[in-house]
Amino acid sequence: MSDFLSPNFLVFAATIVAAFLSFYLATGRVRKQAIASQTKSHSLNQYYGFYVSLWVLVPAILLALIWMFAADPMLTSAAKARMECRLSEPT
Amino acid sequence: MDTVVDMAKAIKIQAKDVNVFYGEKQALNNVSIDIEDRSVTAFIGPSGCGKSTFLRCFNRMNDVIPSCRVEGSIMMGDVDVNNPQTDPVLLRARIGMVFQKPNPFPKTIFENVAYGPRIHGLAQSKAELDDMVEDSLKKAGLWGEVADRLADQATGLSGGQQQRLCIARAIAVGPDVLLMDEPCSALDPIATSVIEELISELQQRFTILIVTHSMQQAARVSQKTAYFHLGTLVEYGDTKDVFTLPKNEQTEAYISGKIG
Amino acid sequence: MAQLVNIAAGYIKAPDAVMAAQAELLRAAQASADRARSLTLAAVMCVGFFYAFWRVSPELRARVLCEAFLRRLFFLSAVVAILTTIGIVASLLFEAVRFFREISLFDFFFGTHWSPMTALRPGDTAAADEFVAGSSGSFGMVPVMAGTLLVAVIAMAVAVPIGLFSAIYTSEFASRRVRNIVKPTLEVLAGVPTVVYGFFAALTAAPFFRDLGLVVGLDVSSQSALAAGGVMGIMIIPFISSLSDDVITAVPQSLRDGAYGLGSTRGETIIRVVLPAAFPGLVGAFLLAISRAIGETMIVVMAAGVAANMTINPLESVTTVTVQIVMLLTGDNEFDSVKTLSAFALGMTLFVITLLLNVAALTASRRLGQRYE
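Numbers given for residues are sequential positions, taken from 1 along each chain in its written order. Whichever chain is written first becomes A and whichever ligand is written first becomes 1, with later ones labelled in order. With pLDDT at 70 or above as the cut-off, local features in this predicted model cover only qualifying residues; side-chain atom pairs require 80 or more to be listed or tallied, and sums for whole chains, interfaces and linings still use all residues. Think of the side-chain values as coming from all heavy atoms in the structure, minus any hydrogens and water.

Peer 1: Which parts of the structure should I look at to understand the interface of chain C and chain B?
Peer 2: Reports of interface size often rely on the accessible area that becomes lost once the parts have come together. Opposite the 20 residues of chain C that make contact, chain B presents 23 residues. Across the chain C/chain B interface, buried area totals approximately 1700 Å², and carbon plus sulfur atoms make up 63% of it. Should a side-chain nitrogen of Lys or Arg be within 4 Å of a carboxyl oxygen of Asp or Glu, the pair is scored as a salt bridge. Linking chain C with chain B are 0 salt bridges. When contributions to the side of chain C that touches chain B are tallied by element, the ones reaching two or more residues are α11 (253-261) and α12 (266-295) of chain C. Three categories are distinguished: nonpolar for Ala, Val, Leu, Ile, Met, Phe, Trp, Tyr, Cys and Pro, charged for Asp, Glu, Lys and Arg, and polar for the others, with Gly belonging to the last. In terms of residue class, the side of chain C that touches chain B is made up of 8 nonpolar, 8 polar and 4 charged. In what follows, residue pairs with any heavy atoms lying within 4.5 Å of each other are defined as contacts. Buried area: the accessible area, evaluated with a 1.4 Å probe, that two parts lose upon being put together, summed over both parts. Under the scheme used here, helices are H or I runs from DSSP no shorter than 4 residues and strands are E runs no shorter than 2 residues, and both carry numbers assigned from the N terminus.

Peer 1: Sorry if this is basic, but what is going on with the nonpolar core here?
Peer 2: Note on soluble globular proteins: their nonpolar side chains tend to be buried together. Here, the term nonpolar core denotes a set of buried Ala, Val, Leu, Ile, Met, Phe, Trp, Tyr and Cys residues that are joined through side-chain atoms within 4.5 Å. Throughout, exposure labels follow a simple rule: accessible area from a 1.4 Å probe, protein chains only, divided by the maximum for the residue type, with under 20% read as buried, over 50% as exposed, and the rest as partly exposed. B:Leu137, B:Ile167, B:Met180, B:Leu202, C:Met232 and C:Ile236 are the most contacted members of the largest nonpolar core, which totals 119 residues. Each of domain 2 (61-101) and domain 3 (142-372) of chain C gives at least three residues to this core. Ignoring any residue separated from it by four or fewer positions in sequence, one finds C:Met232 in contact with C:Val151, C:Ala155, C:Ala293, C:Glu296, C:Ile299 and C:Val300. Those domain boundaries reflect an automatic or database domain assignment.

Peer 1: Explain the packing of helix α7 (residues 142-173) of chain C against helix α10 (residues 225-250) of chain C to me, please; I cannot follow it from the model alone.
Peer 2: Between two packed helices, both the angle of their axes relative to each other and the distance between the axes serve to describe the pair. Residues and elements named next belong to chain C. Their axes nearest at 6 Å, the elements α7 and α10 cross at an angle of 35 degrees. Here α7 and α10 pass one another in a crossing that is right-handed. Residue classes in the contact of α7 with α10 are distributed as 21 nonpolar, 10 polar and 2 charged. For helices, the axis comes from a line fit to the C-alpha atoms of the stretch in contact; other axes are also lines fit to C-alpha atoms, and the angle between any two N-to-C directions lies between 0 and 180 degrees. Two helices cross in a left-handed way if the nearer one is turned anticlockwise from the farther one by less than a right angle. They cross in a right-handed way if the turn is clockwise.

Peer 1: So what exactly am I meant to see when it comes to unusual backbone geometry here?
Peer 2: Peptide bonds are, in most cases, trans, and in most cases residues other than glycine have a negative phi. Residues and elements named next belong to chain B. Residues other than glycine seldom take positive phi values, yet Asn30 does so here, at roughly 45 degrees. Within the fold, Asn30 resides in strand β2 (residues 25-36). Given the relative accessible area of 45%, Asn30 is considered partly exposed. The phi dihedral of Arg38 falls on the positive side, at around 45 degrees, and the residue is not glycine. Looking at the element boundaries, Arg38 is found in the loop between β2 and β3 (40-44).

Peer 1: Can you help me understand the packing of aromatic side chains in this one?
Peer 2: When the centres of two rings from Phe, Tyr and Trp lie within 6.5 Å, Trp using its six-membered ring, the rings pair. Their planes under 30 degrees apart give stacked, over 60 give edge-to-face, and anything left gives tilted. The final tally for this structure, using the stated rule, is 22 aromatic pairs over all chains. Within the aromatic cluster, the residues linked to one another by ring pairs are C:Phe99, C:Phe100, C:Phe108, C:Phe109, C:Trp114 and C:Phe139. Lysine and arginine charges are scored as sitting over a ring when NZ or CZ, respectively, is within 6 Å of the ring centre and within 35 degrees of the ring normal. Here B:Arg69 stacks its cationic end above the ring of B:Phe21, 4.4 Å away from the centre of that ring. A cation sits over an aromatic face here: B:Arg169 above B:Phe105, 4.1 Å from the ring centre.

Peer 1: Hey, could you run me through the interface of chain A and chain C in this one?
Peer 2: Taken together, the contact pairs 38 residues of chain A with 38 residues of chain C. Here chain A and chain C share 0 salt bridges between them. Whenever two N or O atoms come within 3.5 Å, that pair is a polar contact, provided that in protein one can donate a hydrogen and the other can accept it, and provided that, for residues adjacent in sequence, both atoms are side-chain atoms. Across the contact surface, chain A and chain C share 9 residue pairs in polar contact (both at pLDDT 80 or more). For the side of chain A that touches chain C, the per-class residue count stands at 23 nonpolar, 10 polar and 5 charged.

Peer 1: Hey, could you run me through the packing of α7(C) against α12(C) in this one?
Peer 2: Residue and element names in this part refer to chain C. For the pair α7 and α12, interaxial distance at closest approach is 10 Å and the crossing angle is 140 degrees. Accordingly, the angle class assigned to the pair α7 and α12 is oblique. For α7 against α12, the interelement crossing comes out right-handed. Each of Thr148, Leu149, Ala152, Met156, Val160, Leu164, Ile168, Glu172 and Phe173 in α7 lies in contact with α12, whose residues at this interface are Arg266, Ile270, Val274, Leu275, Leu282, Phe286, Ala289, Ile290, Ala293 and Ile294. Residue composition of the contact of α7 with α12, grouped by class: 16 nonpolar, 1 polar and 2 charged. Any angle that is under 35 degrees is reported as roughly parallel, and any over 145 degrees as roughly antiparallel; angles of 65 to 115 degrees are reported as roughly perpendicular and all others as oblique.

Peer 1: Looking at this model, I keep getting lost on the environment of B:Thr192. Mind explaining?
Peer 2: Relative to the helices and strands, B:Thr192 is located in helix α8 (residues 189-202). Not counting the four nearest positions on each side in its chain, B:Thr192 is found in contact with B:Cys184, B:Leu187 and B:Gln217.

Peer 1: Could you clarify how one ought to interpret the sheet that holds strand β6 (residues 95-98) of chain B in this entry?
Peer 2: Backbone hydrogen bonds are what pair the strands of a sheet, in a parallel or an antiparallel way. Residues and elements named next belong to chain B. Strand order in the open sheet formed by 6 strands is β6-β7-β8-β3-β9-β10, with mixed pairing between adjacent strands. If you trace the sheet from one side to the other, it starts and ends with β6 and β10 (232-238), each paired once. Averaged over all adjacent pairs, the angle separating strand axes in this sheet is 15 degrees, with direction ignored. Helix α7 (residues 159-172) contacts β6 and β7 (177-181) of the sheet and is inclined by roughly 170 degrees relative to β6. Only strands joined by at least two bridges in the DSSP assignment are considered to pair.

Peer 1: Got a minute to help me understand the side chain of C:Ser244 in this structure?
Peer 2: All names here are of chain C. Relative to the helices and strands, Ser244 resides in helix α10. For Ser244, the side chain forms a polar contact with the main-chain oxygen of Ile240, separated by 2.6 Å. Excluding its chain neighbours within four sequence positions, the residues that come into contact with Ser244 are Leu164, Ala167, Leu282, Ala285 and Phe286.

Peer 1: Could you clarify how one ought to interpret the pattern of salt bridges in this entry?
Peer 2: For side chains of opposite charge, pairing can occur when their charged atoms come near one another. With the rule as written, the count across this model stands at 20 salt bridges over all chains. Note that B:Lys126 and B:Asp130 form a salt bridge whose closest N and O atoms lie 2.9 Å from each other. Pair noted here: B:Lys126 and B:Asp130 are both in helix α5 (residues 126-139), with a separation of 4 residues, about one helical turn. Taking the shortest distance from any N to any O, the salt bridge between B:Asp135 and B:Lys139 comes out at 3.2 Å. Placement of both B:Asp135 and B:Lys139 in helix α5 is noted, with a separation of 4 residues, approximately one turn of the helix. Classification of B:Lys139 as partly exposed rests on a relative accessible area of 23%. A cluster of three or more residues bridged by salt bridges with shared partners is formed by C:Arg179, C:Lys183, C:Asp245 and C:Asp246.

Peer 1: Whenever I open this one, the pairing of strand β9 (residues 224-229) of chain B confuses me. Can you help?
Peer 2: The two faces of the sheet receive side chains in turn, since in a regular strand these alternate between them. All names here are of chain B. Taking burial as the measure, the 6 residues of β9 include 6 buried ones, the bulk of the element. Covered by surrounding structure in β9 are Lys224, Ala226 and Phe228 together with Thr225, Tyr227 and His229, the residues of both alternating faces. Examined bridge by bridge, β3 and β9 share 4 bridges and lie parallel to one another. Bridging from a neighbouring strand, Ile44 pairs with Tyr227 of β9. Strand direction decides the pairing type here: β9 and β10, joined by 6 bridges, are antiparallel. Each residue of the ladder has a partner; that of Thr225, found in β10, is Gly237. Adjacent in sequence and paired antiparallel, β9 and β10 are bridged by 2 residues, among which Leu230 carries a positive phi angle near 45 degrees.

Without other data, these values stay purely geometric and don't point to any function.
Below, the structure written as structure tokens:
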């Protein structure tokens, strides 16, 4: 598989797509609701879009960052432990 | 009675057909005026009427502004102020100037007053310089307040004291004319009244021209008042007359607060 | 361990079957972790989306919420900037402390002999013994610091007069048209990469000074402090002139008017009133310039020497802190040898000095600011 289409990249791309998608879904939703309830929205439609996009993106980014700093060292240290265990076995 | 006093006073400065241009814009229009010796003449008028510009003509301060051009003649005694041959540096030694905001130099109180005598080489010895500084500070009514801290930074004085220091600094050079450009506009009422009293005292020795926004101040300190409007001299006469019986409607409108 | 990670990533081949198996295990663990991460991310995104989407209604004050987010984002950026600085300093400090465990503070700061290269021949216990023997004198930073200061002093001697005078010219004498030409030109000079100044110092200035020395019968080293310092001075000129120009322009016009009103000439006004008023700010500008000169690397790497001579003769070759750091950290190095660690100690010293200079500069210019509120 090429680097460009590596699973990690696909996840990344999906995140971006999800952010855009949620922007349009949110603006659509607030527009419809405003028409249905015959009221004026509190903010411009785009702010609702940003709001939902942020809720999609920010927790995901935070999680990815935490994962990066926590998971990889954990994996390596686990491997190290396995190695040492293996090496300490009688050969 | 008044006329007798007026007659007794000699003419100190004679300005004729003074025009001032800032680039293309004309700021003063054919202003002619005779200033009496040892009196206080007030220039009043709404903002932008050219009164400050006119004041700055007397010591060629407009030279500092690159786009500014002055025409006409100003005679001070036998000195032709506006003549290109006249050295503005020497001229300014004969004409002291006090500015809108107190602008003491970032030096000690002593050094501020001694600045003028030093650059003009007026004092032959340290003792003479000390005397000059003391004398100037006394004339400016500041000696009592600062005598024991001449070595302190001038910027530490209060606004009113700073302004009197600036007056002392101007007096120290030994001028016969003092130009004051709204000297009290940055001061509180108490400091203002101190300066006004000082002006009345200084009038014994100096010819004083004062630009002011406050008509009460003009009425209190000056003998003559000139009213400027849009770059022209609208009315000039005894202060009493200008304020009680203005000949011109514009002057009356300004004095009664209709324009300003 | 790093080897194992590299094997797992497929960068290098496993040396034996045990390693290969272990790498395979690690790779499998990594792959499952990746999958887990992707799924978690998807879940988090879904939760976030449905929570927010459910809340969307015309009454929701989305604009206010977006503003709040922006405010936090800006705050976070500021925090990141500060945290990274602290992180850098901390790592510097950490390595420096490791160095000072081997070499005493006294030897480092007051030792007069600097030769880390000869002290540590690459290798084994024999060299380590030799190093212990030589450790007393080999890491004394005094000659390096002296060289740095010498170069900085020469640079300032060139830059301060020229920079200050040109600032006085642009701020007090130049017409607007001339100013509009001179200032950008000086700023172009500031944009020249320091490597280019380095070329100039090594290939033009240094031979020039050497030849000049031959003419007057002086023996000028081909890597003289004079050439490096001189070119560094040229580099700093725009820095000084631009800062000084700002400071001088900031002196209120009313002070100049006052001086003219007392019958000062232009020169008297500048020397007796404007410059004293601008003095704290000017000192600040000079201090900033010194701290730049001390931290400057490229010119001295190319034009100053590498041998740590203790001298105040500008015609000789000297070395600087930055040159030594470059020498110590480029090329193949054991990362935890004392030699490499000494670079961190030098870096730390340099950092502290420039920090102090910058703080002093800031305090000085603040004093100017207060005086003319």
